[in-house]
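What follows is each chain in one-letter form.
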Amino acid sequence: MVPVADRAENERGPVERRRADRVVSRRRPVARLLRRFPLMAWLVLVWVMLWGTYDVGTVFFGIVIAMGVAVVFPTPPIATNMVLRPGRFLWLVGFLAWDMVISSVRVSWQALRYGRETRAGIVEVQLVTNSDHLTAMVANAVSLAPGTFVIQIDRANQICYVYTLGVSEGDAASIRHEVLAWERRVVHAVGSADEVTMVDAHVSAGRESR
Amino acid sequence: MSLLDVFLDVFSAVCLLTGALSCLLGSIGLARFPDVGARLQAATKPQTFGLLLILVGSAVHLELRNASGLILVALFQLLTAPVLAQLVGRAAYRANSIRRDVLVIDELGQRLDSEKYHR
């Protein structure tokens, strides 16, 4: 038995079906090209950087390759309400770099001092915001620092499970606190105004309850 | 040899040596840590940091046209290392390769147990 929807699909002509299978609509090609401009610019930049020669020829072939990539691998437009705040974003990058130094030292110390006796923990963290992109960025930021990474994400309930090296039993609260601080930094750097209000409200609520 | 050259030489020497040291410490961790989860940390993170330092140390001695490729190396390392750690870590956890006796807190295990998920 073929389900009704599938049967309707099969009865359509081959041309129609091919069009229905497309990820990206073929209408309004100019608008689509404009929307793709950031992706194209990025691809051209990567191409030029790979060659290391900055001249018209390289850029021209970069554009050709970028257009080829965009045609062969069409991607649906990403709907997002993220806002880039350059100052906050630079601060986030700086903080990531600093965190990397500190935690590299910490992991190295663990390896030298404790070695086989090292203990670890997996802590459940309930994130405040509910957005695919923010969750991904928070997980990436947490995972970049040595000693911690996100081992599992329960997207539906906004929960991250964070593996941390060198913890003792009472550390769960401080790890949760740390991950939420990362979330706050990421949201302040790229989140929408509503999400910024959400994380700030969460902080002040946490302070009152303490 | 101008003062700037001396400064650049010292700067890149410090970067290269610290980077190498960080990679070495990562390898020591790889050998000494008790299970996959901990080893994954040693294998991915101090190495990333070490690589970044080595790239910076080399870049200051190169012309911009040659150094631009190094920026891409750093960028893709930073983008891919956390993803790799997450995938391997998750697979290791599911395959029971992360030793439960090493974990002092395991809230994921509690959750999975309460949902009768694993085993």
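Just so it is clear, the model here is predicted, and its values are computed rather than measured.

Looking now at the overall build of chain B. A tally of helices and strands in chain B yields four helices and one strand. The secondary structure elements of chain B, listed N-terminal to C-terminal, are α-α-α-β-α. The C-alpha radius of gyration of chain B comes to 20 Å, more than 25% above the 14 Å expected for a compact globule of 119 residues. Each principal axis of the C-alpha atoms in chain B carries an extent, and together these give about 70 × 25 × 15 Å. Within chain B, the fraction of its 119 residues that count as buried is 39%.

With that out of the way, let us pick up a nonpolar patch on the surface. On the surface, a cluster of nonpolar side chains totalling about 490 Å² of accessible area is made up of Leu39(A), Trp42(A), Leu45(A), Leu75(B), Phe76(B) and Leu79(B). Sorting the residues of the nonpolar patch by element identifies helix H4 (37–51) of chain A together with helix H3 (64–94) of chain B as the ones contributing at least two each. Within the secondary structure, Trp42(A) is located in helix H4.

What follows covers the interface of chain A and chain B. In many reports, interface size means the accessible area that the parts give up when they come together. Tallying the contact residues gives 47 residues for chain A and 44 residues for chain B. Between chain A and chain B, a total of about 3,900 Å² is buried, with carbon and sulfur atoms accounting for 64% of that surface. On the surface where chain A and chain B come into contact, there are zero salt bridges. Applying the counting criterion to the chain A and chain B interface returns seven residue pairs in polar contact (both at pLDDT 80 or more). Where the side of chain A that touches chain B is concerned, the elements lending two or more residues are H4, helix H6 (86–113), strand E1 (120–126), helix H7 (132–144), strand E2 (148–154), strand E3 (159–165) and helix H8 (172–190) of chain A. Counting residues per element, the side of chain A that touches chain B draws most heavily on H6(A), which supplies eight residues. Partitioned by chemical class, the residues of the side of chain A that touches chain B number 26 nonpolar, 15 polar and six charged. Judged from the three bridges that link them, E1(A) and strand E1 (residues 103–106) of chain B form a sheet pairing that is parallel. Residue Gly121(A) lies in a different strand from E1(B), and its bridge partner there is Ile105(B).

The subject of this paragraph is the packing of aromatic side chains. Counted under the stated rule, the structure contains six aromatic pairs over all chains. Centre to centre, the rings of Phe95(A) and Trp182(A) are 5.7 Å apart; their planes meet at 90 degrees, and the pair counts as edge-to-face. Of the two residues, Phe95(A) sits in helix H6 while Trp182(A) sits in helix H8, which places them 87 residues apart along the sequence. In this structure Phe95(A) comes out as partly exposed when scored by relative accessible area, which is 26%. On the accessibility criterion, Trp182(A) (5% relative accessible area) is buried. Look at Phe7(B) and Phe11(B): their rings are 6.4 Å apart centre to centre, the planes differ by 20 degrees, and that puts the pair in the stacked class.

Here we take up the confidence of the model for chain A. Residue and element names in this part refer to chain A. Put simply, chain A has an average pLDDT of 76, and 80% of its residues get 70 or more. Taken element by element, chain A is modelled with least confidence in helix H1 (residues 4–11), mean pLDDT 41, and with most confidence in helix H5 (residues 56–72), mean pLDDT 87. Every residue in residues 1–21 scores below 50 in pLDDT, and together they form eight contacts with partners more than four places removed in sequence or on other chains.

Turning our eyes to something else, we now look at the sheet that holds E1(B). Strand-to-strand pairing in sheets goes through backbone hydrogen bonds, with the strands running parallel or antiparallel. Strands sit in the order E2(A)-E3(A)-E1(A)-E1(B) across an open sheet of four strands; the sheet is mixed. If you trace the sheet from one side to the other, it starts and ends with E2 of chain A together with E1 of chain B, each paired once. Mean inter-strand twist for the sheet, computed between neighbouring axes without regard to direction, equals 20 degrees. Contacting E2 and E3 of chain A, H7(A) crosses the sheet at an angle of about 155 degrees to E2(A).

Scoring rules and cut-offs
Residues numbered from 1 in each chain as written. Chains lettered and ligands numbered in written order. Predicted model: local features only at pLDDT ≥ 70, side-chain atom pairs only at ≥ 80, totals over all residues. Heavy atoms only, no water. Helix = DSSP H or I, 4+ residues; strand = E, 2+ residues; numbered from the N terminus. Rg over C-alpha atoms; globule rule 2.2 N^0.38 Å. Buried < 20%, exposed > 50% of the residue type's maximum accessible area, 1.4 Å probe, protein only. Patch = residues over 30% accessible without salt bridge, like charges linked within 9 Å, V, L, I, M, F, W, Y side chains within 5 Å. Areas by Shrake-Rupley, 256 points an atom, 1.4 Å probe, with all protein chains shown as cover. Salt bridge = Lys/Arg side-chain N within 4 Å of Asp/Glu carboxyl O. Contact = heavy atoms within 4.5 Å. Buried area = accessible area lost by both parts, 1.4 Å probe. Polar contact = N/O pair within 3.5 Å; in protein donor to acceptor, adjacent residues only side chain to side chain. Nonpolar A, V, L, I, M, F, W, Y, C, P; charged D, E, K, R; others polar. Pairing = 2+ DSSP bridges. Phe/Tyr/Trp six-rings, centres within 6.5 Å; stacked < 30°, edge-to-face > 60°. pLDDT = per-residue confidence, 0-100. Axes fitted to C-alpha atoms, helices over the stretch in contact; angles between N-to-C directions.

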